[in-house]
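# What the coordinates show
Listed below, chain by chain, are the residues.
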Amino acid sequence: MKKTRKLWIAALVCTVMLTLAAGCGSSSTTSSTDKDKDYVIKLGYYNCDHMVAACVAKDAGIYKDLGLNVEVTGNGKVPEAMAAGQMDAGYIGTDGLMFAHMKGSPIFVAANNHISGSYYIVASNNIKTPADLVGKKLAIDTEAEKNDPNWVWMSGRLGIPADSKAYDSYEIGDLPNKYTAMVAGRLDGYIACDPWGSMAEYEKTGHILISNIDNVTDKCALCCSFALRQGFADEHPELAKKLVLAHTKSIEYIYTHPVKAAKIFANNYKVPVEVALMTIYKKTGGEGRTLTWVVDKNQINNYLTKASSLEKYKTTESPDKWVNTSYLDASGADNFDEFIKTKVDPVFPVGMSYDDWKTKAQEVDEKI
C-alpha cells in the first residue's frame, strides 16, 4: 500500500511538473511571437534612385503582404541612425557602411542592392566638352580627390583633373538642390545619382557627361547594399529574414512592373513619371541588370582595389567583417539569375532602346 501510494504521488508530481513546463514553453513562444507582431521596423534610405526598392516595397504593399510593420524614412542619416539604434535596417552606400562599421557601428550587409551605374557627372548646357568644366562652379566634395572614388574614376576617364582645386567647388549635400542650383545658373555641373541626371536630360537643362559604369556588362563594384542592425537581427531573426525577403521581392517588382514602380518612384522622389521611367530603364536594362540582391565579394574587393589609390581606403577592413548573407540565404528568396532568365529576359532583353522598352513596359504593365 505504501509502495503504491509513493508511486501515485511520484506520478502526480511528474504530471504537475510536465504541465508547468509545457505552460512555460507555450507562454515563452507566445511572448516571442507577440514581440515580433507588435514590433515596428524602422527603415531608412537616401534620396537616390539606387534605393528605390524601399519606397516600392512600402507603396506596392510588399511589406504588408509579408506581415511586416515597417516605418520608412527617406533621406535620413542612415548609418548614424542605425548606429544609435534608431533604425533597424537601411539602404547604405558601400563606403558609408564600411567606414561606419570600422568605427564600431553594429551594422552589416545583409543583401546586395545596386551594382555600379546610374551615378554621373552632370553638366549644364553651357558646358560643351568635359574640359569646359575646369575652373567652373562644380558641386563636388572640396577634397573629392581624397574622398570620392567615383569622382576620381570618372574625371580620369574624361581627361579632366581630379583635384577639386581645379574647380570652383561647392559642397551641396542635398541632391535636388544641386539640380535646382544648376537650373538657376549658380552651378555649371555636379556629381549625383539619378533621377538628377535623367531630370536634366528630360527638362533639357543639362546633359550627362559620363556614368561611373563603363558599359552594360561592367558590373564591377557593389555600389550600395541593404543593411541590418545587428541588435535587430539578433532579437528578431524571423523579422530580419522577412525584411530581406521583402527587399528581394521589391527588386523583382521593379523589373516586372516598371510602370507601376515608376509611378511610385515619381511620387516619392517628386519628379515627373517620365523621369522615373528613364531612371528605372537605366537600372533594369539600359546599363545592365544593376539592381540585384546577390552579394558578390569579388565586386566589393574590386571596388576597394580601385579605391585604394585614395589614402582613406588603404586600411579598410575585409568584407568578411561586415557582410553576413545568412538572413538572405534563409529568407526563401528566389535565385536572381533564374528570375532574370525566366521573367525578365524574354520581355525586356538587355540592349532594348528606351522607346522600345517603354512601349513594352506599357503593354505588360499599365498605361502612363
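Residues numbered from 1 in each chain as written. Predicted model: local features only at pLDDT ≥ 70, side-chain atom pairs only at ≥ 80, totals over all residues. Heavy atoms only, no water.

The number of helices and strands found in the protein is 17 helices and 10 strands. Residue burial in the protein is summarised as follows: out of 368 residues, 50% are buried. A sequence separation of at least 24 residues applies to 79% of the contacts in the protein between residues at least 6 apart. Total accessible area on the protein stands at roughly 16700 Å², and carbon and sulfur atoms take up 52% of it. (Helix = DSSP H or I, 4+ residues; strand = E, 2+ residues; numbered from the N terminus. Buried < 20%, exposed > 50% of the residue type's maximum accessible area, 1.4 Å probe, protein only. Contact = heavy atoms within 4.5 Å. Areas by Shrake-Rupley, 256 points an atom, 1.4 Å probe, with all protein chains shown as cover.)

Next up on the list: the nonpolar core. Ranked by internal contacts, the top residues of the largest apolar core, which has 116 residues, are Leu43, Tyr63, Trp151, Tyr190, Phe226, Leu228 and Leu243. Per-element accounting of this core gives the leading share, 9 residues, to helix 11 (residues 237-256). Those residues in contact with Trp151 that sit more than four places away from it in its chain are Ile121, Leu138, Ile140, Ala144, Glu145, Ile160, Pro161, Ala162, Tyr167 and Ile191. (Core = buried A, V, L, I, M, F, W, Y, C linked by side-chain atoms within 4.5 Å.)

On inspection of all chains with the given rule, the structure shows 1 disulfide. Its sulfur unpaired, Cys223 is 4.0 Å from the next cysteine sulfur, which belongs to Cys224. (Disulfide = S-S within 2.5 Å.)

So, about the confidence of the model for the protein. Averaged over all residues, the pLDDT of the protein is 86; the fraction at 70 or higher stands at 88%. The model gives residues 1-31 a pLDDT under 50, and that stretch makes 0 contacts with residues more than four places away or in other chains. Segment residues 215-219 is flagged for pLDDT under 50; beyond a separation of four residues in sequence, or across chains, it makes 11 contacts in the model. (pLDDT = per-residue confidence, 0-100.)

Right, let's get into unusual backbone geometry. A cis geometry characterises the amide bond from Asp194 onward to Pro195, with omega recorded as 10 degrees. Along the chain, the position of Pro195 falls in the loop between strand 8 (189-193) and helix 9 (198-202). One non-glycine residue, Lys204, lies in positive phi territory at about 55 degrees. Structurally, Lys204 can be placed in the loop between helix 9 and strand 9 (206-211). A relative accessible area of 66% places Lys204 in the exposed class.

Turning to the sheet that holds strand 7 (residues 168-170), a few remarks are in order. The strands making up a sheet associate through hydrogen bonds between their backbones, and the pairing can be parallel or antiparallel. In spatial order, the strands read 7-6-8-5-9; together these 5 strands make up an open sheet with mixed pairing. The open sheet has two edge strands, strand 7 and strand 9, and neither has a second partner. On average, adjacent strands in this sheet sit at an angle of 25 degrees to one another, irrespective of strand direction. The sheet contact formed by strand 6 (residues 137-139) and strand 7 spans 3 bridges and is parallel. In the strand pairing of strand 7, Lys137 is matched with Asp168. Strand contacts of helix 8 (residues 175-183): strand 5 (119-124), strand 6, strand 8 and strand 9, with the helix running at about 150 degrees to strand 8, the strand carrying the most contacts. (Pairing = 2+ DSSP bridges. Axes fitted to C-alpha atoms, helices over the stretch in contact; angles between N-to-C directions.)

Another aspect to go through is the packing of aromatic side chains. Using the criterion set out here, one finds 17 aromatic pairs in the structure. Judged by centre distance (6.3 Å) and plane angle (45 degrees), the rings of Tyr45 and Tyr269 are tilted. With Tyr45 in strand 1 (residues 41-45) and Tyr269 in helix 12 (residues 258-269), the pair connects residues that are 224 residues apart, well separated along the chain. Exposure class is identical for Tyr45 and Tyr269. Each is buried. An angle of 55 degrees between the planes, with centres 5.0 Å apart, marks the rings of Tyr91 and Phe226 as tilted. With Tyr91 in strand 3 (residues 89-93) and Phe226 in strand 10 (residues 222-229), this pair connects stretches of sequence that are 135 residues apart. On the basis of relative accessibility, which here comes to 0%, the residue Tyr91 falls in the buried class. Across from the ring centre of Trp153, 4.3 Å away, lies the NZ or CZ of Lys306, which sits over that ring. (Phe/Tyr/Trp six-rings, centres within 6.5 Å; stacked < 30°, edge-to-face > 60°. Lys NZ or Arg CZ within 6 Å of the ring centre and 35° of its normal.)

By the element assignment, Val271 lies in the loop between helix 12 and helix 13 (273-284). In this structure Val271 comes out as buried when scored by relative accessible area, which is 8%. Sequence separation of Val271 and Trp196 is 75 residues, and the distance between their C-alpha atoms is 9.3 Å.

Right, let's talk about the side chain of Ser198 for a bit. Residue position: Ser198 is located in helix 9. Those residues in contact with Ser198 that lie beyond four places of it in its chain are Ile208, Val275, Met278, Thr279 and Lys282.

Pairing within the open sheet is mixed, and its 5 strands lie in the order 2-1-3-10-4. What marks the edges here is a single partner per strand, and that holds for strand 2 (70-74) and strand 4 (107-115). The average angle at which neighbouring strand axes cross in this sheet is 25 degrees, direction not considered. One ladder, built from 5 bridges, connects strand 3 with strand 10; its direction is antiparallel. Each residue of the ladder has a partner; that of Gly93, found in strand 10, is Cys224.

Glancing now at helix 12. Given a rise of 1.5 Å per residue, 12 residues ought to cover 16 Å, and the 16 Å separating the end C-alpha atoms of helix 12 matches this to within 8%. If you check which residues of helix 12 are buried, you get Pro258, Val259, Ala261, Ala262, Ile264, Phe265, Ala266 and Tyr269. On its buried side, helix 12 packs onto strand 1, helix 2 (53-59), helix 11, helix 13 and helix 17 (354-364). Positive backbone phi, approximately 60 degrees, marks Lys270, located one or two places after helix 12. (Expected span 1.5 Å × (residues − 1).)

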